[in-house]
Amino acid sequence: MSEINPSTETNQESNLRKFKKSLIIFWSVFLFGVLAMVLFFAGVSNGKFGFMPTFEELENPKSSLATEVYTVDNELIGKFYFQNRSYVEYHEISPYLQKALIATEDVRYENHSGVDIRGLGRVVKGLITGNKNAGGGSTISQQLAKMLFPRESFNSKLDIVFRKFREWVIAVKLERSYTKEEIMTMYFNKYDFLNLAVGIKSAANVYFNTTPDSLRLEQAAMLVGMAKNSSYYNPLRRPELTKDRRNVVLAQMVKYDYLEKEVYDSLKNLPLGIDYQKVDHKRGMAPYFREYLRMSLTAKKPERKNYPSWNLQRFKEDSLEWDNNPFYGWCNKNQKADGSPYNIYKDGLKIYTTIDSRMQKYAEQAVEEHLGLNLQKAFDREKQHHRRPPFSDDLSTEEVEHQLDLSIRRSERYRVMRKKGLKFDAIKESFSKPTEMKIFTWQGERDTTLTPMDSMLYYKGFLRAGFMSMVPQTGEVRAYVGGPNYKHFMYDMVSVGKRQVGSTIKPFLYTLAMQDGLSPCDKVPNIPQTFILPDGTPWASRNSTEKKAGEMVTLKWGLANSVNNISGWVLKQTTPKAVVSMAHKMGVVSRMDPVPSIFLGTSEISVYEMVGAYSSFVNKGVYIKPRFISKIEDSKGNLIAQSVPRKKEVMNEKTAYLMTNLLQGVVNKGTGVRLRFTYNLYNPIGGKTGTTQNHSDGWFMGITPELVSGVWVGAEDRAIHFEGIRLGQGANMALPIWALYMKKVYADKDLNVSQGDFEKPRGVIINLDCESESNKSNNTELQDSEDEDFF
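Our subject in this report is the structure included herewith.

So, how was this worked out
- Residues numbered from 1 in each chain as written.
- Predicted model: local features only at pLDDT ≥ 70, side-chain atom pairs only at ≥ 80, totals over all residues.
- Heavy atoms only, no water.
- Helix = DSSP H or I, 4+ residues; strand = E, 2+ residues; numbered from the N terminus.
- Buried < 20%, exposed > 50% of the residue type's maximum accessible area, 1.4 Å probe, protein only.
- Areas by Shrake-Rupley, 256 points an atom, 1.4 Å probe, with all protein chains shown as cover.
- Disulfide = S-S within 2.5 Å.
- Pairing = 2+ DSSP bridges.
- Axes fitted to C-alpha atoms, helices over the stretch in contact; angles between N-to-C directions.
- Contact = heavy atoms within 4.5 Å.
- Core = buried A, V, L, I, M, F, W, Y, C linked by side-chain atoms within 4.5 Å.
- Expected span 1.5 Å × (residues − 1).
- Salt bridge = Lys/Arg side-chain N within 4 Å of Asp/Glu carboxyl O.
- Phe/Tyr/Trp six-rings, centres within 6.5 Å; stacked < 30°, edge-to-face > 60°.
- Lys NZ or Arg CZ within 6 Å of the ring centre and 35° of its normal.
- Parallel < 35°, antiparallel > 145°, perpendicular 65-115°, else oblique.
- Nonpolar A, V, L, I, M, F, W, Y, C, P; charged D, E, K, R; others polar.

1. Regarding the overall build of the protein chain
No. 1: Along its length, the protein chain carries 29 helices and 20 strands.
No. 2: For the protein chain, with 791 residues in total, the buried portion stands at 51%.
No. 3: Just so you have it, the protein chain exposes about 38,800 Å², and 52% of that area is on carbon and sulfur atoms.

Pasting the structure below:
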């Protein structure tokens, strides 16, 4: 029996001890590494190494969504936004987009939980081998994490490493909180495709004028290709590079069996087919209306200190709006569930307006056709021979210079230079330095070089317009045109600008006469009416014509021909204060001086106010405040605000009917007769023309049983105007816009706007045929009959 060598035993025991020690060290290091990794990721998850979103933030990631503005016929006409992003649901995203994104960015998207280990291995291998085409390791979830919680600024490479780990953790948390469909939906809604196209809905519209569910395969591939780097693959700046990137996406779809090779071959040579829709709030349909809507919804509670002393009237009007209009300052009057006020720039609201896109288009076309094709040309021909066009020759050189100095002081250039401490003379001198600019013409923008002074004179020579059309029975405004071109003439002449209304004020006066028992066929003397002013001075009205002077004429004839003698007679049956009171009852909030000359229309009133007031005649004596919004929904489609008509009776039904008859007389045989023989509109129509002193303003208010519309036309300054009544009267300046609009509305059978007659109240027995023999006695209690108007 051999003996065991003690030294051998000692060596074995030593090796065993070393092995155990090594094993212990290995497992200790391994376990320590695992524990360190666990602690590290726990620290990352709890925000110990930088920002980590909370559970609530993951469940409700913040994302600015654009508020969308829709017409009554469900057409999108504009957005309010910090980022032009509109949300879409998963089912609204084209399958082409989904497959292209997976094939290009994350082929194992359906099989991982936020981090793709194989993808990371591919990246590591690429780094080792130097293969730049090995691909990226970020999954769709990681990319979404990066978009939802953007990277902060880095001070070292270590910060970048920590950020990458945080993205892994956020991606895993996102996968636990959301389904794959929800993550993909969030990705497409979040990504910025440049050119104010944030999110796939905006991108589809901006680049292809379509919706995400209607994108063609090659279009979807281009948009997914942009996701690699939209600044680099910008189809507007680098179309060839973007096309190459699109084809890479298509090739990836072939590689992963999402696309047949034959289809790829047929698509790769196609052009990008961009149908660019520039996002600009100054462009598109109803820009004046959209700006009015924006300012109204975001208005703050009026405070006297914020209004200059010369604008006290505006403070009063804004205060009335704040108190009585739920949508004026709506964002600041209403709060979300978290207690914060609504924000139209990022809350993704849907505002459903009363505007009809078809009628709005017809209104804009009518303004463009009349001003651009006819009236402006006539105005330019007349002004080219003036001493200082576009100003009238009845102004002296000193008066023209005064007007120009006022315009300089109102300009943005003046405000900026004055803020820098420059004196007026230095500022005025800068207006003489030529500058390259784009200017407006009715044929399109034109590049030119002008001095700011010449530019100012150029724009002053353009005639402006304001037009509004509403449904009198509901107050719903269907069309709103504040000027000829919003980009170049931003001042809104519907609700902001006010001008003298001329003879369109006379129906307020005649309403009092009808209310007091007079009839359209009652006869009064056509003679001057003298009034004694408070200072004892006599003042008498004057007619613009001697027609039927000294004769007995009907009230209908007096209003139809806008005869001041007759208006003076009617005013003597009441008081100027009563006229002001009636106008205010009918929705006019502007200041009106209760003086005898009130019926000449020197009061400055907006188109908005006048249209609302005239609607009372058609709506059986009930005034309804014009409405622009029908309802507002939040980003989830929940109803959060709804419009309710605000109405009040301002006259009885009989008075209202008699007024519609008087206004029909204006169209049938008075100053509005060209609606009949020039524009061939033979259906029942009432209206009133208005022309102010020196022909500075032209008005036409037109009523039909289903629409009431008003038009103002004039220049920026009242000192710029037509020289004669032939071109400068409301019947020539404003009436044609109303006529062109209504002809387009009637021609559109889908609108179904009736051309029927005004409804006559029950129990009203009165003969309104002022030419019949039986009516010569001025007896108003005669047998009922239809009007018989002849030309």
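After that view of the structure, there is still more to cover.
2. Some points on the state of the cysteines
No. 1: Summed over all chains, the structure comprises one disulfide.
No. 2: Here C521 engages in a disulfide with C770; their sulfurs sit 2.0 Å apart. Disulfide C521-C770: torsion about the S-S bond near -85°, hence left-handed. Residue C521 is located in the loop between α20 (506-515) and β9 (523-525), and its partner C770 is located in the segment after α29 (735-747); the two are separated by 249 residues in the primary sequence.

3. Observations concerning the sheet that holds strand β16 (residues 639-642)
No. 1: Taken together, five strands build an open sheet; the order of strands is β2-β1-β3-β15-β16 and the sheet is mixed. Strand pairing shows two members of the sheet lacking a second neighbour, β2 (76-80) and β16, which therefore form its edges. Strand-to-strand twist across the sheet, computed as the mean angle between neighbouring axes with direction ignored, equals 20°.
No. 2: Looking at chain direction, strand β1 (residues 67-70) and β2 are connected through four bridges and run antiparallel. What sits directly across from T67, in β2, is F80.
No. 3: Along the sheet, helix α12 (residues 287-297) contacts β1, β2, β3 (350-353) and β15 (629-633); its crossing angle with β2, the most-contacted strand, is approximately 40°.

4. Comments concerning the nonpolar core
No. 1: In this structure, M468, V713 and Y741 are the most contacted members of the largest nonpolar core, which totals 148 residues.
No. 2: Other than its neighbours up to four places away in sequence, V713 contacts L371, L375, L463, R464, A465, S696, D697, G698, M733, A734 and I737.
No. 3: The next biggest cluster of nonpolar side chains, apart from the first, holds 49 residues, and it includes L97, A197, L223 and Y264.

5. Points about α29
No. 1: Taking 1.5 Å as the rise per residue, α29 with 13 residues should run 18 Å; its terminal C-alpha atoms sit 18 Å apart, in good agreement.
No. 2: The element α29 is largely enclosed, with a buried count of eleven among its 13 residues.
No. 3: Taken together, the buried positions of α29 are occupied by L735, P736, I737, W738, A739, L740, Y741, M742, K744, V745 and Y746.

6. Notes on the pattern of salt bridges
No. 1: On inspection of all chains with the given rule, the structure shows 36 salt bridges.
No. 2: Here K350 and E68 are joined by a salt bridge, their closest N and O atoms 3.9 Å apart. Of this pair, K350 sits in strand β3 while E68 sits in strand β1, and the two are 282 residues apart along the sequence.
No. 3: For D356, the salt bridge identified is with R358, shortest N-O distance 2.8 Å.
No. 4: One connected set of salt bridges, linked through shared partners, spans R314, E317, D318, K498 and E609.

7. Looking at the packing of aromatic side chains
No. 1: Evaluation of the coordinates by the stated rule reveals 31 aromatic pairs.
No. 2: Following the ring pairs from residue to residue traces out a cluster consisting of F440, W442, Y458, Y459, F462 and F489.
No. 3: Lying across the ring of F531, K572 places its NZ or CZ 5.4 Å from the centre.
No. 4: A cation over a ring is seen here: K636 above Y87, with NZ or CZ 5.7 Å from the ring centre.

8. A few points about the packing of helix α9 (residues 217-226) against helix α10 (residues 239-255)
No. 1: Packing of α9 against α10 leaves a shortest axis separation of 8 Å and a crossing angle of 105°. Classified by the interaxial angle, the pair formed by α9 and α10 is roughly perpendicular. Contacts from L217, E218, A221, M222, V224 and G225 in α9 reach T242, R245, R246, V249, L250 and M253 in α10.
No. 2: Tallied by class, residues from the contact of α9 with α10 come to seven nonpolar, two polar and three charged.

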